[in-house]
Structure formats: C-alpha cells, structure tokens
Amino acid sequence: MAGHGPYVWASYAAFTLVLGAMIIAPLWRLAALKRRLKQRYVALEKAQAVKE
Amino acid sequence: MAWAWFHRLGSSPWIYRFSGSLLGYLLPLAMTLVVVGSIWGLAFSPPDFRQGNSYRIIYIHVPVSVVSLAGYYVMAIAGAVSLIWRLKVADMMMRVAAPIGAALTFLALLTGAVWGKPTWGTYWVWDARITSMVVLLFLYLGVYALYEAYDNKALASKACAILSLVGTVNIPIIYKSVDWWYSLHQPASIKFTGGSTIDPSMLYPLLLMIFSVYLLYACLLLMGLRLTLLETEAKTAWARKEVMGAQ
C-alpha cells in the first residue's frame, strides 16, 4: 500500500474492535440480565409456594 | 383508531417482541453488508491517483461520520417525542442513542486523525469540521452524563431531551463547515444535487458501506432498547413471561 498500509489497517482494526464491542456488549448484557431475572423469579415463586 | 399504529409504538411488550424478531434478520444482514463493503473497498476499488491507498479509510470514516450526524437527529426526535407525548419508549430510545452516537463520533474522529497523518502530515488540526465534530462528541457524552447526574429520572429525561434538541443546531454547522470556513477538510464528495466528484468505482462501495452502517446503527438501537426495556420493566408480567418462556 505504498507505505500507507499501517494507517489503513489501523483504521479498519479500530472500526472492527469498536463495532464488534458495540454488537457483543448488549447481547451479553441481555443474556446476563435474563439469567439474573430468571433466578429472581424462581426464588419468588418458591417463596410464594412456601407462604401458601 | 387512526393513531393506533403510533400508540402501539409506546407498548413495551410489542416493541420488545417485534424488535427481537426483526433483529433476527437485520443483524446478520447488516454484518454481512459491512464485511462485503469493507472487502470491496479494501481489495477491489482502485487506488486514488493522489492519495494512493490511504484513501481507503474513506470506507469507514465517511459512513461512521454520516451515521453519527443522523444519529443525533434520532436522539433529538426521540427526546422531543418523549417530551411531548411522554412515551417511555421514546425516552429509552433517546438514552440508548447517546452512547452509540458517541462511539460512532469517536470512531469518525479517530479514523479521521489516522487518515490526516499521511494526507495532511498531521493527526490533528483545529479546523471547523473537526472542531464541530468534537462538539458533537461532547453533546452525546453530555446527554449520557446528564441523565446519570439526576436522582429524579423523570427530570433527568426532560433535561436530556432539551439538551438533545438544543444541540441539533450543531449538525448543519458540521455539514456546512467545509463550505462556510476555510478548512483543511475536503468538501463533500457525494452531492445530493449535481454530480458527485467521486468515481463510480469508488462511489458504489462507499454507498454500500454507508447503507450497511445505517443498518447496523438501527440494529444497535434496537438491541439497546430491548435491554433497557427489560431492565426497566423487570417487575411486569410481560417481562416475566419473556424471561421464563425463553428458558
């Protein structure tokens, strides 16, 4: 690339990293949130059953 | 009845389910188009007669810049809808759009700086275009920080909506900065009226990348919105049904 290769590759690497993180982060957070909520709901149901 | 479609947009479970099914198609499509556009720009478009191969940064820099500008209007319109119609979903959309827009603006500034070194001989110069883009970054970060600064979240939302709306004045300034002031940054290559100054062999992959980054932005908005919806409405029956039903 006539000496300009590192600039081009650096830009594409930054683009891939930032966009990759932006895609993965909410998917990971949603999965983690669903796991936490499920544990909470199951605990609530058990507490409800014990009360009854 | 005529406004039923609009009020459905305010229904959290409807938005959550509809965006979930939409993302199943849109996200793979957006990612595929970004990859195809990047490869086309990197490997198959010809080198520029003056800049050589360093111009290929255009296939990232221009799309993220364009979408960061458009994304500000998304945030501001969501803020306006939240202020006027008090739709919670619009408020969530505004809050989700801020960090996404900030990341894209940061990427635009970073790739612009990297492109500036071989082209202008410097990574940074305080010219009109770059300075106004820095202001855009601060506006995005400001909306995000302002929401976190308030304990009263209803008041926080109103303040963020007003800040978003006031900041819209910056977008035409950014767009016209290269025409209004003497700027190191080149003028627009893609024109809505008149011929573009860019060859079709370079223009088509650029248009594909712009379209695909727009699509990716829409996907990121929907993903963030789904997360915020579930977080905010975790105690509701529909959220419980979604989580327990997902297994």
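You'll find the structure just up there.
Because the structure is a prediction, the values reported are computed rather than measured.

(A) View of the overall build of chain A. Helix and strand content of chain A: one helix and zero strands. Computed over the C-alpha atoms, the radius of gyration of chain A is 23 Å, more than 25% above the 10 Å expected from 2.2 N^0.38 for a compact globule of 52 residues. If one aligns the C-alpha atoms of chain A with their principal axes, the spans along those axes are about 75 × 10 × 5 Å. Out of the 52 residues in chain A, the part that is buried amounts to 17%.

(B) Geometry of the overall build of chain B. Within chain B, the secondary structure is distributed over nine helices and zero strands. For chain B, the succession of helices and strands along the chain, N to C, is α-α-α-α-α-α-α-α-α. Projected onto its principal axes, the C-alpha positions of chain B cover 60 × 35 × 35 Å. Considering chain B as a whole, with its 247 residues, one finds that 37% of them fall into the buried category.

(C) Highlighting the interface of chain A and chain B. Between chain A and chain B, the residue contacts involve 22 residues of the former and 29 residues of the latter. Tallied by class, residues from the side of chain A that touches chain B come to 17 nonpolar, two polar and three charged.

(D) Region of the structure containing helix H2 (residues 12-44) of chain B. Over its 33 residues, H2(B) runs 44 Å from end to end, which matches the ideal 48 Å to within 8%, given 1.5 Å per residue. The principal kink in H2(B), of about 40°, is found at B:Leu23.

(E) Inspection of the nonpolar core at higher detail. All names here are of chain B. Met 75, Met 93, Ala 97, Ile 100 and Leu 221 are the most contacted members of the largest nonpolar core, which has 68 residues in total. It is helix H4 (residues 88-120) that contributes the most residues to this core, 17 residues altogether. Not counting chain neighbours up to four residues away, the residues in contact with Leu 221 comprise Met 93, Val 96, Ala 97 and Ile 100.

(F) Main features of unusual backbone geometry. Residues other than glycine seldom take positive phi values, yet B:Arg86 does so here, at roughly 55°. Within the element layout of this structure, B:Arg86 appears in the loop between helix H3 (58-85) and H4.

(G) The arrangement of the packing of H4(B) against helix H5 (residues 128-149) of chain B in detail. Residue and element names in this part refer to chain B. Where H4 meets H5, the closest approach of the two axes is 9 Å, and the angle between their N-to-C directions is 155°. Viewed along their axes, H4 and H5 adopt a mutual orientation that is roughly antiparallel. Helix-helix and strand crossings are classified by hand; for H4 and H5 the assignment is left-handed. Across the interface between the two elements, Arg 95, Ala 98, Pro 99, Gly 101, Ala 102, Thr 105, Phe 106, Ala 108, Leu 109 and Gly 112 of H4 pack against Ile 130, Met 133, Val 134, Leu 136, Leu 137, Tyr 140, Leu 141, Val 143, Tyr 144 and Tyr 147 of H5. Across the contact of H4 with H5, the residue classes tally to 16 nonpolar, three polar and one charged.

(H) Local environment of the environment of B:Ile77. Residue and element names in this part refer to chain B. With respect to the helices, strands and loops of the structure, Ile 77 is situated in helix H3. You can call Ile 77 partly exposed: it has 17 C-beta atoms within 10 Å. When the C-alpha positions of Ile 77 and Gly 167 are compared, they lie 12 Å apart, and in sequence the two are 90 residues distant.

(I) A look at the environment of B:Leu9. Here B:Leu9 shows up in the loop between helix H1 (4-8) and H2. Counting along the chain gives 81 residues from B:Leu9 to B:Ala90, while the straight-line C-alpha distance between them is 8.8 Å.

(J) Structural context of the packing of H3(B) against H4(B). Residue and element names in this part refer to chain B. Where H3 meets H4, the closest approach of the two axes is 8 Å, and the angle between their N-to-C directions is 160°. Considering the angle they form, H3 stands roughly antiparallel to H4. By crossing handedness, the relation of H3 to H4 is classed as left-handed.

Thresholds, definitions, all that
- Within each chain, residue numbers correspond to sequence positions counted from 1 in written order.
- Chain A is the first chain written and ligand 1 is the first ligand written, with later ones labelled in order.
- Only residues with pLDDT of 70 or above have their local features reported here, since the model is predicted, and side-chain atom pairs are shown and tallied only from 80 upward, although totals for entire chains, interfaces and linings are computed over all residues.
- Helix and strand definitions here come from DSSP, where helices need a minimum of 4 consecutive H or I residues and strands a minimum of 2 consecutive E residues; each element is numbered from the N-terminal end.
- The globule rule used here is 2.2 Å times the number of residues to the 0.38 power, and the radius of gyration it is set against is calculated over C-alpha atoms.
- Buried means a residue has 20 or more other C-beta atoms within 10 Å of its own C-beta, exposed means 12 or fewer, and partly exposed covers the counts in between; C-beta atoms are placed from the backbone.
- A residue pair is marked as a contact if its C-beta atoms, positioned from the backbone, fall within 7 Å.
- In this classification, the charged set is Asp, Glu, Lys and Arg, the nonpolar set is Ala, Val, Leu, Ile, Met, Phe, Trp, Tyr, Cys and Pro, and all remaining amino acids, among them Gly, are polar.
- In a helix, the anticipated span is given by 1.5 Å times the number of residues less one.
- One axis is fitted to the seven residues ending at the residue and one to the seven starting there. The bend at that residue is the angle between these axes.
- Nonpolar cores are built from buried Ala, Val, Leu, Ile, Met, Phe, Trp, Tyr and Cys residues. These are joined into a set through C-beta atoms within 7 Å.
- Each axis is a line fitted through C-alpha atoms, and for a helix only the stretch in contact is used; angles between axes span 0 to 180 degrees, taken between their N-to-C directions.
- Each angle receives one of four descriptions, namely roughly parallel if under 35 degrees, roughly antiparallel if over 145, roughly perpendicular if within 65 to 115, and oblique otherwise.
- Left-handed describes a crossing in which the near helix is turned anticlockwise from the far one by less than a right angle; the clockwise case is right-handed.

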